[in-house]
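Each chain, letter by letter, is given below.
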Amino acid sequence: MKALSVGRPWSELILRGKNVENRTWNTRYRGPLLIHAAQSWNPEGVRFAKQLDDSLGAGLNKHTLPTGIVGIAHLTGICTAATDGRPCGCGPWAMPDQNHWQLTGIRRLPEPVPVKGALGLWTATPAVVTAVNAQLDQEASR
Ligand SMILES: [Zn+2]
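Residues numbered from 1 in each chain as written. Predicted model: local features only at pLDDT ≥ 70, side-chain atom pairs only at ≥ 80, totals over all residues. Heavy atoms only, no water.

(A) Seen up close, the sheet that holds strand β2 (residues 20-23). On the basis of which strands lie adjacent, the open sheet formed by six strands has the order β2-β5-β4-β3-β1-β6 and mixed pairing. Edge strands, defined here as strands with exactly one partner in the open sheet, are β2 and β6 (121-123). If you compare each strand with its neighbour and ignore which way they point, the axes differ by 45° on average. Two strands pair when backbone bridges link them, and strand β1 (residues 2-8) and strand β3 (residues 31-41) are joined in this way by six bridges, in the parallel orientation. Residue Leu4 lies in a different strand from β3, and its bridge partner there is Ile35. Along the sheet face, helix α3 (residues 126-140) touches β3, β4 (68-79) and β5 (99-113) and points at about 80° away from the line of β5. (Pairing = 2+ DSSP bridges. Helix = DSSP H or I, 4+ residues; strand = E, 2+ residues; numbered from the N terminus. Axes fitted to C-alpha atoms, helices over the stretch in contact; angles between N-to-C directions. Contact = heavy atoms within 4.5 Å.)

So this is what it looks like as structure tokens:
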């Protein structure tokens, strides 16, 4: 299963409904995408979230937000309009000059799965996928 490392707190914001991930690069991949919260911390993410909605930016703390696989989403499409300076309807999370990775069906894992991230789109090990699926199955049976 494919995974994407996202700096914190952007990773947490995805779990709170940030349905666009901004990347300078593109991929042909579509399908399930594990959201990996990286060690890196971007204070800009807190400011941005609070600008959109105070409650959205609440409790974003470098010391308490987990790292590792924190959720799963579905990469349904990538909008490239902004890279050509064209307007698009990707919403408030979409940044200028970036590809807009469109995420749907975002789900938070009850327990983050600790694993080191990587650059680019990376493939989670079978052990990690098993750990993620066990949590999703458990949730489904509740
Ligand atoms: Zn767009």
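Following the structure, the description resumes.
(B) Quick look at the side chain of Thr27. Take Thr27: it is sitting in the loop between β2 and β3. Classification of Thr27 as buried rests on a relative accessible area of 14%. With near-sequence residues (within four places) excluded, Thr27 lies in contact with Leu75, Ile78, Trp101 and Leu121. (Buried < 20%, exposed > 50% of the residue type's maximum accessible area, 1.4 Å probe, protein only.)

(C) Quick peek at empty space enclosed by the protein. This model, assessed by the stated rule, comprises one cavity of 30 Å³ or more. In this structure, the largest cavity encloses a volume near 50 Å³. For the largest cavity, the full set of lining residues is Arg8, Ser11, Glu12, Leu15, Ala37, Leu65, Pro66, Val70 and Arg108. Here the lining of the largest cavity takes three residues from helix α1 (residues 10-15), the largest share from any one element. (1 Å grid on protein atoms, 1.4 Å probe; cavity = no way out; pocket = protein on both sides within 12 Å on 5 of 7 lines; lining within 4 Å. Points joined across faces, edges and corners; volume = space filled by probe spheres on them.)

(D) Here's a closer look at the pattern of salt bridges. Evaluated as defined, the whole model comprises seven salt bridges. Across the salt bridge formed by Lys18 and Glu21, the nearest N and O atoms sit 3.0 Å from each other. What makes Glu21 buried here is its relative accessible area of 6%. Two residues, Glu139 and Arg107, come together in a salt bridge whose shortest N-O distance is 3.3 Å. Here Glu139 is found in helix α3, whereas its partner Arg107 is found in strand β5, with 32 residues between them in sequence. (Salt bridge = Lys/Arg side-chain N within 4 Å of Asp/Glu carboxyl O.)

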